[in-house]
Amino acid sequence: MRADFDTIAAVATPAGRGAIGIVRVSGPLVRTIARRITGSPLTPRRVSHRVFLDDGGQPLDQGLAFFLEGPHSFTGEDVLELQGHGSPIVMGLLLDRVCALGARLARPGEFSERAFLNGKIDLTQAEAVADLIGSLTTRAAQGALHALQGEFSLRVRQVLEALIRLRARIEGYLDFSEEDVASFDSGALEDTLSVILTGIDRLMSDAHRGQVLRDGARVAITGRPNVGKSSLLNRLVRRECAIVTEYPGTTRDAIHVQLDIDGLAVELFDTAGVRETEDPIEQEGIRRTEAVVQGADHVLWVSDAADPTQEPGTAAMALGHICRMTEVHNKIDLVGMAPCLEHGPAYPHIYLSAKTGAGLPLLERHLREAAGLSDVGTGGFSARRRHVWALGRARDALRDARDAAEARAGEEIIAEHLRMAQRELSEITGEFTSEELLGEIFSTFCIGK
Ligand SMILES: Nc1nc2c(ncn2[C@@H]2O[C@H](COP(=O)(O)OP(=O)(O)OP(=O)(O)O)[C@@H](O)[C@H]2O)c(=O)[nH]1
Ligand SMILES: [Mg+2]
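Residues numbered from 1 in each chain as written. Chains lettered and ligands numbered in written order. Predicted model: local features only at pLDDT ≥ 70, side-chain atom pairs only at ≥ 80, totals over all residues.

Turning next to the overall build of the protein. If you tally the helices and strands in the protein, you get 14 helices and 13 strands. Here the C-alpha atoms of the protein give a radius of gyration of 28 Å, more than 25% beyond the 22 Å that 2.2 N^0.38 yields for 449 residues. Across its three principal axes, the protein shows a C-alpha extent of roughly 80 × 80 × 40 Å. Counting the 449 residues in the protein, one finds 43% classified as buried. Within the protein, contacts between residues at least 6 apart in sequence are counted, and of these 67% link residues at least 24 apart. (Helix = DSSP H or I, 4+ residues; strand = E, 2+ residues; numbered from the N terminus. Rg over C-alpha atoms; globule rule 2.2 N^0.38 Å. Buried ≥ 20, exposed ≤ 12 C-beta atoms within 10 Å, placed from the backbone. Contact = placed C-beta atoms within 7 Å.)

Take the site of ligand 1 next. Within the structure, ligand 1 sits among 22 residues, and Gly-228, Ser-230, Thr-251, Gly-273 and Lys-355 are positioned closest to it. In terms of residue count, the dominant contributor to the shell around ligand 1 is helix H8 (residues 229-237) (three residues). Split into classes, the residues belonging to the shell around ligand 1 amount to six nonpolar, eleven polar and five charged. (Near = placed C-beta within 6 Å. Nonpolar A, V, L, I, M, F, W, Y, C, P; charged D, E, K, R; others polar.)

Right, let's get into the environment of Glu-282. Looking at the element boundaries, Glu-282 is found in helix H9 (residues 280-294). Residues Glu-282 and Thr-250, 32 residues apart in the sequence, show an inter-C-alpha distance of 8.9 Å. Not counting the four nearest positions on each side in its chain, Glu-282 is found in contact with Gly-249, Arg-252, Ala-272 and Thr-277.

We now examine the pairing of strand E9 (residues 264-270). For E9, a buried count of six out of seven residues is recorded, marking the element as mostly surrounded by other parts of the structure. Summarising the sheet, strand E7 (residues 217-223) and E9 pair through five bridges and their orientation is parallel. Directly across from Ile-221, in E9, lies its bridge partner Asp-270. Sheet topology note: the strand E8 (residues 255-261)/E9 ladder contains seven bridges and is antiparallel. Residue Val-257 lies in a different strand from E9, and its bridge partner there is Leu-268. The antiparallel pairing of E8 with E9 creates a hairpin that spans two residues between the two strands, and Asp-262 there sits at a positive phi of about 45°. (Pairing = 2+ DSSP bridges.)

Moving on, we come to the domain arrangement of the protein. When the domains of the protein are assigned, the result is domain 1 (8-121), domain 2 (132-213 + 381-430) and domain 3 (217-370). Using only C-alpha atoms to locate each centre, domain 1 and domain 3 end up separated by 51 Å. (Domains from an automatic or database assignment.)

Ordered by their spatial adjacency, six strands build an open sheet running E3-E4-E5-E2-E1-E6, and the pairing between neighbours is mixed. Edge positions in the sheet fall to strand E3 (47-53) and strand E6 (104-105), since each has one partner strand and no second. As defined by bridge partners, strand E4 (residues 59-68) adjoins strand E5 (residues 79-86) across five bridges and the pair is classed as antiparallel. Bridging across to E5, Phe-67 finds its partner in Leu-80.

All right, on to the packing of helix H4 (residues 123-133) against helix H5 (residues 138-148) then. Closest axis-to-axis distance for the H4/H5 pair is 8 Å, and the angle between their directions is 155°. One finds that H4 runs roughly antiparallel with respect to H5. When you trace H4 past H5, the crossing you get is left-handed. Counted together, Thr-124, Gln-125, Ala-128, Val-129, Asp-131 and Leu-132 of H4 and Ala-141, Ala-144, Leu-145, Ala-147 and Leu-148 of H5 form the full contact between these two elements. Partitioning the contact of H4 with H5 into residue classes produces eight nonpolar, two polar and one charged. (Axes fitted to C-alpha atoms, helices over the stretch in contact; angles between N-to-C directions. Parallel < 35°, antiparallel > 145°, perpendicular 65-115°, else oblique. Left-handed = near helix turned anticlockwise from the far one by under 90°.)

In space, the seven strands of this open sheet follow the order E8-E9-E7-E10-E11-E13-E12, with mixed pairing throughout. Edge positions in the sheet fall to E8 and strand E12 (340-343), since each has one partner strand and no second. Neighbouring strand axes in the sheet, compared pairwise and without regard to direction, differ in orientation by 25° on average. In this structure, strand E11 (residues 325-330) lies alongside strand E13 (residues 348-351), joined through three bridges in parallel fashion. Residue pairing in the sheet places Val-328 in a bridge with Ile-350 of E13. Here helix H11 (residues 360-370) sits on the sheet and contacts E7, E8, E9, strand E10 (298-304), E11, E12 and E13; the angle it forms with E13, its principal contact strand, is near 155°.

Once that is clear, we can look at H5. Given 3.6 residues per helical turn, the α-helix brings residues three or four places apart onto the same face. Looking only at H5, the buried set comprises Arg-139, Ala-140, Gln-142, Gly-143, Ala-144, Ala-147 and Leu-148. A positive backbone phi angle near 100° is found at Gly-150, which sits one or two residues after H5.

Residues Gly-70 and Pro-71 are joined by a peptide bond in cis, for which omega reads 0°. Counting through the fold element by element, Pro-71 comes out in the loop between E4 and E5. Positive phi values are uncommon outside glycine, yet Arg-238 reaches one of about 65°. Mapped onto the secondary structure, Arg-238 falls in the loop between H8 and E8. Residue class for Arg-238 comes out exposed when judged on the 10 C-beta atoms lying within 10 Å of it. The residue Arg-408 is not glycine, and still its phi comes out positive at about 50°. If you trace the backbone, Arg-408 turns up in the loop between helix H12 (385-406) and helix H13 (411-429).

Right, let's get into the pairing of strand E2 (residues 18-26). One ladder, built from four bridges, connects strand E1 (residues 8-11) with E2; its direction is antiparallel. Its bridge partner lying in E2, Val-11 is registered against Val-23. Between E1 and E2, which follow one another and run antiparallel, lie six residues, and Gly-16 among them has a positive phi close to 110°.

So, on to the packing of H12 against H13. Across the interface, H12 lies against H13 with an axial gap of 8 Å and an inter-helix angle of 170°. The angle between H12 and H13 places the two elements in the roughly antiparallel class. The hand of the H12/H13 crossing is left-handed. In contact with His-387, Ala-390, Arg-393, Ala-394, Ala-397, Leu-398, Asp-400, Ala-401, Ala-404 and Ala-405 of H12, H13 contributes Ile-413, Ile-414, His-417, Leu-418, Met-420, Ala-421, Glu-424, Leu-425, Glu-427 and Ile-428. A breakdown of the residues in the contact of H12 with H13 according to their chemical character gives 14 nonpolar, two polar and four charged.

Next comes the structure, spelled out in structure tokens:
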């Protein structure tokens, strides 16, 4: 436990009214605060029913008090939890009282930050706590829990350890090479490097999947007017969310809904149909469509299977940079077609009917596959974009090391690339992370966590 920390306090339960509200306190003053507020010392790890007192000995509330002695607590410090009645007024009174006794209000994520700084959890685990709280689907929650239990950190550490062993060998050789006549075995070095690279590639693809699990995908439905975009959105969310009419130009505002496609959190956007128009409201709608398409991970360009004059999905490309696109040929019920998925040269095509629902499971499976979540069972850990990027930079540094080894570039250069790779990996677990990055990460947490 770090001696230089002060005592922090926050309401750990959500704002609003509920059966129970919890004030959480952590730091060196906890024992004193606990004794003053409950009137007598608390036994560690024992829950006791107490009256919570103000400075004149008058009751503020009553409830359960729970005291944990550091380092056997979440933060690694002495921790007090007061479970009072879940009223914002009562919580405010208790928090004021705790602060009057020497605590200060905690910043967002400060309890988790202390757990990290006191070595109770590493950075990916601290992030997993926030991700578990913010998870959008059951699978995302499971993934965050796996990361919290250290599954991701363990994988990173395994790569790190292999890397450190290799660095030690090379740097040991560099230190003694003048006396030692035996030359460095570069074949063995290349073999070890390729084993590490394979490990990091596998870890990167798992981390990427973990990031999709956490963040989900932004999917935009777009196309010409009246092709059935809003009908498709309604069918996917299984309720009448967007207005559907037989008149072209119905949708103007970009509507967005959140849905869970078997573990993939999708933010689905319905947009105004794209066409030349004089109507200023519709023009604004089309401008918004373009903005939605630009920000999407996946675009579904809807066309009308019953209308042979329709432009192909390539017209969607004109809307701007598109990451991934699928053309959805809607209204197959009108032409008596069976639903199917075809892989075209430029992008896939799905034939379905938003009206009857035929082909919808094909589309849902396709979206999961495209996001890389097709084979996720309940396993896998959640990860963040910053982890994937750091893994990418570590992999690049390792590739540079391998290229240098192959080119017999000299051990100093190889050692330098390995050092860079190690630094990137250590940034993931937080062993080597700048103050700014830490501040940025913890500031997105909720207060009391
Ligand atoms: N037969 C048939 N009709 C459909 C299907 N999907 C949509 N429609 C009809 O097509 C018309 C237009 O549907 P919308 O969902 O409003 O089309 P949209 O693309 O959102 O149209 P805008 O918002 O005007 O751009 C409505 O009359 C729907 O009932 C389908 O799969 N089969
Ligand atoms: Mg519409």
